[in-house]
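The primary structure of each chain is shown beneath.
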Amino acid sequence: MALPLVVGVDGSESSLLAVDWAVDEAARHDLPLRLVYASLWERYEGALPPGGGERPSEEVLAQHIVTSAADRAERHNPDVKVTTDIVPEDAAAALVRESDGAFALVTGSRGRGLLKGLLLGSVGLAVAARAHCPVVVVRGDRAGLAGTHGRIMLGLADADTGAEALRFAFREAAVRDCTLDIVRTWRHPAYGGAEGDPLPADKRADADASALLDTSLGDLIVAHPKVRVHRSVIEGNASRILVDRSAASDLVIVGALRRTGRFGLQLGRVGHTLLHHAQCPVAVVPGRP
């Protein structure tokens, strides 16, 4: 049985946009869609004596949220199979647990909490940092959300963080029949090259970045001959370059290191910046341990 695409819903406009995006993604991959609402309300209201036989207001709200989200998903594409669940648990912890059996997790960029000014909600950031499967934070302008650019982008860091992200990127480009833009950045070295190196330091950095691309792409290009690949090796700040190029992308993908300690995935500066500022949805793909 195919693993589901899991969406965290909370009734906010941001989560409803995530549902729309996830329905399209589920249809592309022929996956079931699982809508999950999580809250700790039961911990507090469950301890109170029942009054009048009525259900707690938060339970009513939770049911309304998942029912509305499921109805929206069915209207968007009735061919996608949708299931729902209400979990009496912290939202981030519940979604991280869901990631053990998910094709990918999808969240909105903001929740319905009190801190409306945050660029990215705390749940989305926590899930992106700790989940065991790819996490997509749905954000961006209208064109990026609608997927009208015909291009997705992968920011390739290094072999440790990039292998799983590369596979994810090729798979996405294949099902979307779009161009895959792979970007590798490098910074101008502060000092000259090593003694005896025939290339100046800046040329060596450029050559090393290009070599990483060539080494990483070989087998995947053979496995996905129909995917149109555009390679870019650019000198400059990776965060700024990827955010700028996200304006012409339908999805930007980055890899993340898996840590064995308490902090889970190390997103890094580039991942954090994209999650807060990209102009299209962002996928964070964990590397294998």
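Residue numbers restart at each chain and count upward from 1, following the sequence in its written direction. The predicted origin of the model limits local features to residues at a pLDDT of at least 70 and limits the giving and counting of side-chain atom pairs to 80 or more, whereas totals for whole chains, interfaces and linings rest on all residues. To obtain the side-chain values, all non-hydrogen atoms of the structure were included, while hydrogens and water were left out.

**Some points on the overall build of the chain**
Okay, step 1: The secondary structure content of the chain amounts to ten helices and eleven strands.
Okay, step 2: A burial count over the chain gives 46% of its 289 residues as buried.
Okay, step 3: Contacts are assigned to residue pairs that have any heavy atoms within 4.5 Å of one another. Long-range pairs, those at least 24 residues apart, make up 78% of the contacts in the chain with a sequence separation of at least 6.
Okay, step 4: Per element, the accessible surface of the chain, about 14,600 Å² overall, is 52% carbon and sulfur. Secondary structure elements follow DSSP: runs of H or I of four or more residues count as helices, runs of E of two or more count as strands, with numbering from the N terminus. The buried label applies to any residue whose accessible area, calculated with a 1.4 Å probe on protein chains only, is under 20% of its type's maximum; exposed applies above 50%, and partly exposed to all values in between. Residue-level accessible areas treat just the shown protein chains as cover; the underlying method is Shrake-Rupley with a 1.4 Å probe.

**Here we look at the nonpolar core**
Okay, step 1: The set of buried Ala, Val, Leu, Ile, Met, Phe, Trp, Tyr and Cys residues whose side-chain atoms join them within 4.5 Å is what this entry labels a nonpolar core. Ranked by internal contacts, the top residues of the largest apolar core, which has 44 residues, are Leu5, Val7, Val9, Leu33, Val106, Leu180 and Ile253.
Okay, step 2: Apart from residues no more than four positions distant in its own chain, Leu33 is found in contact with Leu5, Val7, Ala22, Val23, Ala26, Ala73, Val80, Lys81, Val82 and Thr83.
Okay, step 3: Ranked by size, the runner-up nonpolar core spans 31 residues in total, among them Leu95, Ala129, Ala131 and Ala278.

**A short note on the side chain of Arg176**
Okay, step 1: Take Arg176: it is sitting in helix 7 (residues 159-176).
Okay, step 2: Counted as a polar contact is a pair of N or O atoms within 3.5 Å, where, for protein atoms, one must be capable of donating a hydrogen and the other of accepting one, and residues adjacent in sequence contribute only when both atoms are in side chains. Looking at Arg176, its side chain comes within polar contact range of the side chain of Glu25, at 3.4 Å.
Okay, step 3: Aside from chain neighbours lying at most four places away, what touches Arg176 is Trp21, Glu25, Arg28, Ile152, Asp250 and Leu251.

**So, unusual backbone geometry**
Okay, step 1: With a phi angle near 55 degrees, Asp30 is a residue other than glycine that sits in the positive phi range.
Okay, step 2: Relative accessible area serves as the criterion here: at 68%, Asp30 is assigned to the exposed category.
Okay, step 3: Positive phi, normally seen in glycine, also occurs at Asp177, with a value near 55 degrees.
Okay, step 4: Counting through the fold element by element, Asp177 comes out in the loop between helix 7 and strand 7 (179-186).

**Regarding the pairing of strand 6 (residues 151-155)**
The two faces of a sheet get side chains in turn, since along a regular strand they alternate between them.
Okay, step 1: Of all the five residues making up strand 6, four are buried; the element is thus mostly covered by neighbouring parts of the structure.
Okay, step 2: Following DSSP output, two strands are said to pair if at least two bridges run between them. As judged from the five bridges shared by strand 6 and strand 7, these two strands associate in the parallel manner. Its bridge partner being in strand 7, Leu154 is matched across the sheet by Ile182.

**What to know about the packing of helix 9 (residues 238-245) against helix 10 (residues 268-277)**
Okay, step 1: At a closest axis distance of 9 Å, the pairing of helix 9 and helix 10 adopts a crossing angle of 30 degrees. Of the possible angle classes, the one that applies to helix 9 and helix 10 is roughly parallel. As for how helix 9 packs across helix 10, the hand of that crossing is right-handed. In this structure, helix 9 uses Ala238, Ser239, Leu242 and Val243 to contact helix 10, whose residues at the interface are Arg269, Val270, Thr273, Leu274 and His277.
Okay, step 2: Here the residues of the contact of helix 9 with helix 10 are counted per class, giving five nonpolar, three polar and one charged. Convention adopted: a line fitted to C-alpha atoms gives each axis, helices being fitted over their contacting stretch, and angles between N-to-C directions are expressed from 0 to 180 degrees. Every angle not falling under 35 degrees, over 145, or within 65 to 115 is termed oblique; those three ranges are roughly parallel, roughly antiparallel and roughly perpendicular. Two helices cross in a left-handed way if the nearer one is turned anticlockwise from the farther one by less than a right angle. They cross in a right-handed way if the turn is clockwise. Note that Gly is not counted as nonpolar here; it falls among the polar residues with everything else outside the nonpolar set of Ala, Val, Leu, Ile, Met, Phe, Trp, Tyr, Cys and Pro and the charged set of Asp, Glu, Lys and Arg.

**Side note on helix 3 (residues 57-76)**
Okay, step 1: The span you would expect from a helix comes to 1.5 Å times its residue count less one. Between its first and last C-alpha atoms helix 3 spans 28 Å; for 20 residues at 1.5 Å apiece the expected length is 28 Å, and the two agree.
Okay, step 2: Ala62, Ile65, Val66, Ala69, Ala70 and Ala73 are the residues of helix 3 that are buried. The buried side chains of helix 3 occupy one side of the element, clustering within an arc of 120 degrees when seen end-on. Exposed residues on helix 3 whose side chains face more than 90 degrees from its buried face are Ser57, His64 and Arg75. Taking the helix axis as origin, the arc is that swept by the directions to the C-beta atoms.

**Digging into the pattern of salt bridges**
Okay, step 1: Think of a salt bridge as a Lys or Arg side-chain nitrogen and an Asp or Glu carboxyl oxygen that are within 4 Å of each other. Under the criterion given, the structure shown has eleven salt bridges.
Okay, step 2: Among the salt bridges present, the one from Arg151 reaches Asp181, with a minimum N-O distance of 3.9 Å. In this pair, Arg151 sits in strand 6 while Asp181 sits in strand 7, placing the two residues 30 residues apart along the sequence.
Okay, step 3: By relative accessible area, Asp181 is classed as buried at 3%.

Limitation: the analysis is restricted to geometry and does not speak to function.
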